[in-house]
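Overview (structure and organization)
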Amino acid sequence: MSSDYYKVTPVTRQTPFTVTVPGSKSITNRAMLLAALSDGECILKNALFSSDSRALLAALQELGIPCSADEDTKEIKVTGCGGTLPNKTATVNAMSAGTAARFLTALLAFCDGTYTLEASKQMKKRPMAPLIDALSSIGISITPLENEGHLPLLIHGGQKQFTDSPKLSVSIDQSSQFLSALMMTGILLPKGLTVTVTGSRTAMSYVHITERMMKEFGVTPVPVSSHGSGTTYRIPGGHSYRSQIYDIEPDISGACYFYAAAALLGTSVTVTGVHKNSMQGDLRFLSVLEQLGCTVIDTPEGICVTGPSDGHFPGLDITMSDFSDQTMTMAVLALFADSPTHIRGVGHIRAQECDRMTATISEIKRLGGDAKEDEDGTGILITPQPLHSAQIETYDDHRMAMAFALAGLRVEGVIITNPSCCKKTFENYFDLFTRCFSDAASHK
């Protein structure tokens, strides 16, 4: 693989294979934050090592949290601060990690100290205003240092200023990470926090991960009905999380690219350690594959997906708001369906690592496909067309690179530019991709 591009080798016949994917980014970063606020030493097993997780790890170290990592054993050791950051002044950098940026903002706001939160050029473009506004509404001093509503930020933490339990609201229309950040750090306030969800988006799969992990670390957020205005969470205050040894699930978002290949190639793919009791929302993508005619079996080794033997599957009309990271994966599958596919409820993806709505449509058209955005801007309609070779632009977005590589398994001459952008969550993706599909090339 060149550092500048990856040329995909088309596959005409693929034998079944088993693959191991890294640990979940979402779970790894949540576990690091919870461990940092725990009452002792935590050992996180099967942790993800990527640019995103390293950014949060480095930030916690800069704040004085004792952390060490062993990438060979995939373990991270964190000694919790019990709710008091050792360093009262620091400059930390979230790099391009959205989870780190949102989690750190809430963490620093609820601790006593003065902090500067920096970020990469890419992350500076991503939205932060809902979280900044929510924290500012209860008196936390947060000053944008460049553009309003964006990183970098100067944060004067206000842990000791609260004598009661503050109440705030936060919109999750652009990201549910804003809510998760407030929930996990709300325990730092002496009497806790009450946070109400606002906005039109109802997708809560990542919030449910947060809920479950908080419980596993010994603190239970309490959901309360709030007169139809959205879910309200009561976060108990004055607590530390429980130190422990914690096993991190394999990343189902990463597994889905290989499962999608099973549908494209009519073969069987098993991903080790992935099971139907996973807490990750992208598990719902497996039910989508079943609608495409795949069989999905949970084996002792891991879930096995077998695609239709003739390589034919229907288009779908599907809402993906609660597992929108797979929008691009679904879009690529739609290029090979027997009828049009309508992906709905994903308008928020235009504010992620790139404008994924525009990028997906552009790269489909680059391949010769037919795609257009819904009039309300929340969905994509894809109509199958004959495809041709193309050099795919990835927009420095790992999910664009990983998903569109799948098209090259069926179309000659697909080249992925800047494949190294996958270091954000799945550093060895293209090494695994080559290993899984290289044997197939010899069958041509």
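Residues numbered from 1 in each chain as written. Predicted model: local features only at pLDDT ≥ 70, side-chain atom pairs only at ≥ 80, totals over all residues. Heavy atoms only, no water.

**A short note on the sheet that holds strand S15 (residues 268–271)**
The pairing of strands in a sheet happens through backbone hydrogen bonds and is either parallel or antiparallel. Sheet architecture is open: 4 strands sit in the order S2-S15-S17-S16, paired in mixed fashion. Each end of this open sheet is capped by a strand with a single partner; those strands are strand S2 (17–19) and strand S16 (295–298). Neighbour to neighbour, the strand axes of the sheet diverge by 20 degrees on average, direction disregarded. Each of S2, S15 and strand S17 (303–306) touches helix H8 (residues 252–265); the most contacted strand, S15, lies at about 165 degrees to it. (Pairing = 2+ DSSP bridges. Helix = DSSP H or I, 4+ residues; strand = E, 2+ residues; numbered from the N terminus. Axes fitted to C-alpha atoms, helices over the stretch in contact; angles between N-to-C directions. Contact = heavy atoms within 4.5 Å.)

**Re the pairing of strand S6 (residues 89–93)**
The alternating pattern of S6 places Ala 90 and Val 92 on a buried face and Thr 89, Thr 91 and Asn 93 on a face that is not buried. Bridge count for S6 against strand S7 (residues 114–118) is 5 bridges, and the pairing is parallel. Considered in S7, the bridge of Thr 89 is made with Thr 114. Once the chain exits S6 it traverses helix H3 (residues 98–109) before rejoining the sheet at S7, and the crossover so formed is right-handed. (Buried < 20%, exposed > 50% of the residue type's maximum accessible area, 1.4 Å probe, protein only. Right-handed = clockwise from strand over helix to strand, strands pointing away.)

**A closer look at the sheet that holds strand S18 (residues 317–319)**
If you trace the 4 strands from one edge of the open sheet to the other, you get S18-S19-S21-S20, paired in mixed fashion. In this open sheet, the two strands that pair with only one neighbour each are S18 and strand S20 (370–373). With direction set aside, neighbouring strand axes in the sheet form an average angle of 15 degrees. The pairing of S20 with strand S21 (residues 380–383) spans 4 bridges and is antiparallel. Residue pairing across strands places Ala 371 opposite Ile 382, the latter belonging to S21. Contacting strand S19 (341–344) and S21, helix H10 (residues 327–334) crosses the sheet at an angle of about 170 degrees to S19. Running at roughly 160 degrees to S20, helix H11 (residues 356–366) makes contact with S20 and S21 of the sheet.

**Concerning the environment of Val 269**
Summarising the element assignment, Val 269 is placed in strand S15. Given the relative accessible area of 0%, Val 269 is considered buried. Note: C-alpha distance between Val 269 and Thr 18 (251 residues apart in sequence) is 5.8 Å. Setting aside anything within four residues of it in sequence, one finds Val 269 in contact with Phe 17, Val 19, Phe 258, Tyr 259, Ala 262, Ile 303, Cys 304 and Val 305.

**As for the environment of Gly 218**
Within the element layout of this structure, Gly 218 appears in the loop between helix H7 (205–216) and strand S12 (222–224). Residue Gly 218 is classed as partly exposed on the basis of its relative accessible area of 43%. Considered as a pair, Gly 218 and Ser 38 are 180 residues apart in the sequence and their alpha carbons are 9.4 Å apart.

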